[in-house]
Amino acid sequence: VQLQASGGGLVQSGGSLRLSCTSSLRAWNTYTIGWFRQSPGKEREFVAAISWRQDNATYSDSAKGRFSVSRDIAKNTVDLQMSSLNTEDTGIYYCAQTRAPYTIPFIRREDYHLWGQGTQVTVSS
């Protein structure tokens, strides 16, 4: 496994979770890392992404103001801090890496070619 998402779990509505994506790949800090989620009965959708530049991140409309994506260079992780969770945030969360390094934070699934195993997030009402 080259990418691994972790940190999912069961949380009540209004609660918070912090997901982490780790990689064994060399130079992965030069690649944009995206977070996507797949909710039951829905297609996988973009949530957030951060480029190799730690100050360049983008979010879906539903994630703006509630989620924050960041890189921890020392730990070699990309973290997704999720707050004010609601039941619509339930799903399997995946992290993914772009095909090429030094890109902007893309929002399309097609721009990511390496996917990790997902982590389940369940938000109860």
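For the structure itself, consult the block above.
Predicted model, so just to flag it, every value in this text is computed and none were measured.

Throughout the structure, instances matching the rule amount to five aromatic pairs. Taking the centre distance of 5.2 Å and the plane angle of 80 degrees together, the rings of Phe36 and Tyr112 count as edge-to-face. Residue Phe36 is located in strand β4 (residues 31–38), and its partner Tyr112 is located in strand β10 (residues 112–115); the two are separated by 76 residues in the primary sequence. Centre to centre, the rings of Trp52 and Tyr102 are 5.1 Å apart; their planes meet at 85 degrees, and the pair counts as edge-to-face. Placement of the pair is Trp52 in the loop between β5 (45–50) and β6 (57–59) and Tyr102 in the loop between β9 (91–101) and β10, with a sequence separation of 50 residues. Judged by its relative accessible area of 37%, Trp52 is partly exposed. Taken together, Phe36, Phe46, Tyr112 and Trp115 form an aromatic cluster joined through their ring pairs. Seen from the ring of Tyr94, Arg44 lies directly overhead, with NZ or CZ sitting 3.7 Å from the centre. The aromatic ring of Trp115 is capped on one face by Arg44, whose charged end is 4.9 Å from the ring centroid.

Turning our eyes to something else, we now look at the state of the cysteines. Scanning the model with the defined rule gives one disulfide in all. With a sulfur-sulfur separation of 2.2 Å, Cys21 is cross-linked through a disulfide to Cys95. Judged by the sign of its S-S torsion, about 70 degrees, the bond between Cys21 and Cys95 is right-handed. Taken together, the positions of Cys21 in strand β3 (residues 17–23) and Cys95 in strand β9 put the pair 74 residues apart, joining distant regions of the chain. Both residues of the pair, Cys21 and Cys95, belong to the buried class.

About the criteria used
Residues numbered from 1 in each chain as written. Predicted model: local features only at pLDDT ≥ 70, side-chain atom pairs only at ≥ 80, totals over all residues. Heavy atoms only, no water. Phe/Tyr/Trp six-rings, centres within 6.5 Å; stacked < 30°, edge-to-face > 60°. Helix = DSSP H or I, 4+ residues; strand = E, 2+ residues; numbered from the N terminus. Buried < 20%, exposed > 50% of the residue type's maximum accessible area, 1.4 Å probe, protein only. Lys NZ or Arg CZ within 6 Å of the ring centre and 35° of its normal. Disulfide = S-S within 2.5 Å.

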